[in-house]
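Commentary on secondary and tertiary structure
Here is how the chains run, residue by residue.
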Amino acid sequence: TDIPVICIDGPSASGKGTLAAALARRLGYHVLDSGALYRLVGLAAARAGVPTDAAALQDEAVQARLGELARTLPARFDGGRVWLGQEDVTTELRSEEAGAAASRVSAVPAVRAGLLALQRAFRRLPGLVADGRDMGTVIFPDAALKVFLTASARARAERRHEQLRARNEHASIESLLAELEARDARDRARSVAPLAAAEDALLLDNTHQTIEESVEAVLGWWAQRR
Ligand code: C5P
């Protein structure tokens, strides 16, 4: 289609969501937080009593049920709140537990297939900024601009620590670092849609950048592409 898409892919806590939201605001575009959809599938599974531990995920019947939950996900985003059906799950969705469950269910091919149409439906005029792991490789391969955002693991752990502290949750930087590295390794190693930069992605390392600097860098690329 002619509807422009900017993809921001990269590892956990690299600042994709913040960057995508800021870009969308500057450009007046829609935004897709695809990680939130995987988190919602994890929550929907918990609500429905479908187990998502490693052993359960080997079971074909469990995989099929998760795929069905993804395909019929009653997700709603409005004014910064996220709803699963009638339930406001905004806060719960950001927990480390929801992130870990998302990472587990996201390795199930039926879940990824089940979320495909929903993700592409976010592509509406005047344009979309999509953040995740496979926006540029799988969901929007024809995107006009693909950015692969990285930052050192320590910088990412420190940012996550800061976010949690702001919400009065406490976790040591060392434990967050270990968790981030485990999640990255799982996201990179899975056989379906592994975390990887698209061939035509531009790399942006924001370890030593402010959000404003990252936004300006991407807007500069965007101006050249248009
Ligand atoms: O980005 P966020 O931390 O919300 O993503 C949670 C998990 O969802 C990631 O660790 C990853 O396993 C999965 N995910 C994915 N593909 C995406 C977005 C997220 O597999 N496009």
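We now turn to the structure provided with this report. All figures in this text were calculated on a predicted structure; none of them were measured in a lab. (Residues numbered from 1 in each chain as written. Predicted model: local features only at pLDDT ≥ 70, side-chain atom pairs only at ≥ 80, totals over all residues. Heavy atoms only, no water.)

Turning next to the pattern of salt bridges. Scanning all chains against the criterion turns up 17 salt bridges. For Arg 165, the salt bridge identified is with Glu 162, shortest N-O distance 2.8 Å. Here the residue Arg 165 and the residue Glu 162 both occupy positions in helix α9 (residues 153-166), the gap between them amounting to three residues, near one helical turn. Close ionic contact of Arg 167 with Glu 169 constitutes a salt bridge, the shortest N to O distance being 3.1 Å. Glu 169 sits in the partly exposed class, given a relative accessible area of 31%. Overlapping salt bridges, with partners in common, bring together Arg 47, Glu 87 and Glu 92 in one network. (Salt bridge = Lys/Arg side-chain N within 4 Å of Asp/Glu carboxyl O. Helix = DSSP H or I, 4+ residues; strand = E, 2+ residues; numbered from the N terminus. Buried < 20%, exposed > 50% of the residue type's maximum accessible area, 1.4 Å probe, protein only.)

Let us now look at the site of the ligand. Not every one of the 16 residues close to the ligand is listed here, only the nearest: Arg 39, Arg 112, Arg 183, Asp 187 and Arg 190. Ser 34 places a side-chain nitrogen or oxygen 2.9 Å from a nitrogen atom of the ligand. Elements supplying a minimum of two residues to the shell around the ligand: α2 (34-48), α5 (96-105) and α10 (173-189). For the shell around the ligand, the leading source of residues is α2, giving four residues. (Near = heavy atom within 4 Å. Polar contact = N/O pair within 3.5 Å; in protein donor to acceptor, adjacent residues only side chain to side chain.)

Along α5, seven of the 10 residues are buried, which leaves the element largely enclosed by surrounding structure. Burial in α5 covers these residues: Glu 96, Ala 98, Gly 99, Ala 101, Ala 102, Ser 103 and Val 105.

This part covers the side chain of Ser 14. Structurally, Ser 14 is set in the loop between β1 (5-9) and α1 (16-27). Reaching out from Ser 14, the side chain makes a polar contact with the backbone oxygen of Pro 11 at a distance of 2.8 Å. The contacts of Ser 14, once residues within four sequence positions are left out, are Leu 149, Thr 150, Arg 156, Arg 159 and Asn 206. (Contact = heavy atoms within 4.5 Å.)

Before going further, it helps to examine the packing of α5 against α10. The description of two helices packed together rests on the angle between their axes and the distance between the axes. Where α5 meets α10, the axes come as close as 10 Å, and the angle between the chain directions of the two elements is 20°. Our classification of the angle between α5 and α10 gives roughly parallel. Relative to α10, α5 is oriented so that their crossing is left-handed. Note on element contacts: α10 touches α5 through Leu 176, Glu 179, Arg 183, Arg 186 and Asp 187, opposite Glu 96, Gly 99, Ala 100 and Ser 103. Grouping the constituent residues of the contact of α5 with α10 by class yields two nonpolar, two polar and five charged. (Axes fitted to C-alpha atoms, helices over the stretch in contact; angles between N-to-C directions. Parallel < 35°, antiparallel > 145°, perpendicular 65-115°, else oblique. Left-handed = near helix turned anticlockwise from the far one by under 90°. Nonpolar A, V, L, I, M, F, W, Y, C, P; charged D, E, K, R; others polar.)

This brings us to the pairing of β1. Counted residue by residue, β1 has five buried out of five residues, so it is predominantly covered. Where burial is concerned, the two faces of β1 agree: the one with Val 5, Cys 7 and Asp 9 and the one with Ile 6 and Ile 8 are both buried. Where β1 lies against strand β6 (residues 128-132), five bridges are found, and the strand directions are parallel. Residue pairing across strands places Ile 8 opposite Asp 131, the latter belonging to β6. (Pairing = 2+ DSSP bridges.)

Enumeration over the complete set of coordinates arrives at two aromatic pairs. On the basis of an interplanar angle of 90° and a centroid distance of 6.4 Å, the ring pair of Tyr 29 and Trp 222 is categorised as edge-to-face. Taken together, the residues span a long stretch of sequence, with Tyr 29 in the loop between α1 and β2 (30-33) and Trp 222 in helix α11 (residues 211-225) at a distance of 193 residues. Ring centres of Phe 77 and Phe 122 lie 5.9 Å apart, and the angle between their planes is 75°; this geometry places the pair in the edge-to-face category. Taken together, the positions of Phe 77 in strand β3 (residues 75-78) and Phe 122 in the loop between α7 (116-120) and β6 put the pair 45 residues apart, joining distant regions of the chain. (Phe/Tyr/Trp six-rings, centres within 6.5 Å; stacked < 30°, edge-to-face > 60°.)

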